[in-house]
Amino acid sequence: MKTLDRRAAEIFRKMLALQTTKIDNSDGTYMPVHIELIGRIDKYDFFSLAHYGQQNGDAMRDPEMLFALHNETRQFIPYYYRNDYCGIEQNSVRWSEDGIFLNRRLQAEHTSFANQWLRNIAAQQGIQ
């Protein structure tokens, strides 16, 4: 599985170190980013990272990505992408009792997008 590159992983760790679920340092110029621990299974912690908009009073993910943090290697694995405005939902890795199921091409795309998105978030939110 592909993992975040060094810089993107560093940004993610800095966001986690803030110990908050919402980062909004841009005075409304950019969308806040929301980060949440959503579960733990075996050797993994699972996190949601998302921007939210509003449409007809409903929260809309723009986008949301899910990441698995491998607790031994400390590597982040992007594995899910959702954008409610575009009607896109993609799951590239599934964990089950039978093992790990992987769509290599899609998971590589998720990783490439996440690497750039985390850099954009860092620039927008002033995360050094």
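Before reading on, note that the structure itself is shown above.
Residues numbered from 1 in each chain as written. Predicted model: local features only at pLDDT ≥ 70, side-chain atom pairs only at ≥ 80, totals over all residues. Heavy atoms only, no water.

## Describing the side chain of Ser 92
Part 1 of the argument: Here Ser 92 shows up in the loop between β6 (88–91) and β7 (93–96).
Part 2 of the argument: Within the structure, the side chain of Ser 92 is placed 2.9 Å from the side chain of His 110, a separation counted as a polar contact.
Part 3 of the argument: If near-sequence neighbours (up to four positions away) are discounted, Ser 92 is found in contact with Pro 78, Tyr 79, Phe 101, Leu 102, Asn 103, Leu 106, Gln 107 and His 110. (Helix = DSSP H or I, 4+ residues; strand = E, 2+ residues; numbered from the N terminus. Polar contact = N/O pair within 3.5 Å; in protein donor to acceptor, adjacent residues only side chain to side chain. Contact = heavy atoms within 4.5 Å.)

## A word on the nonpolar core
Part 1 of the argument: Core analysis: the biggest nonpolar cluster contains 22 residues, and Leu 4, Phe 12, Met 15, Leu 49, Phe 67, Leu 118 and Ile 121 have the highest contact counts within it.
Part 2 of the argument: Looking at this core, the elements that each hand over two or more residues are α1 (6–17), β2 (33–41), β3 (44–55), β4 (58–70), β5 (76–83) and α2 (104–125).
Part 3 of the argument: Counting residues in each nonpolar core, the second largest holds 8 residues, with Tyr 44, Ala 68, Ile 77 and Val 93 among its members. (Core = buried A, V, L, I, M, F, W, Y, C linked by side-chain atoms within 4.5 Å. Buried < 20%, exposed > 50% of the residue type's maximum accessible area, 1.4 Å probe, protein only.)

## Considerations on a nonpolar patch on the surface
Part 1 of the argument: Nonpolar side chains collect at one region of the surface, where Met 1, Ile 100 and Leu 102 lie side by side and expose about 230 Å² of accessible area between them.
Part 2 of the argument: Mapped onto the elements, Ile 100 comes out in strand β8 (residues 99–102). (Patch = residues over 30% accessible without salt bridge, like charges linked within 9 Å, V, L, I, M, F, W, Y side chains within 5 Å. Areas by Shrake-Rupley, 256 points an atom, 1.4 Å probe, with all protein chains shown as cover. Salt bridge = Lys/Arg side-chain N within 4 Å of Asp/Glu carboxyl O.)

Everything listed is a geometric property; what it means functionally is a separate question.
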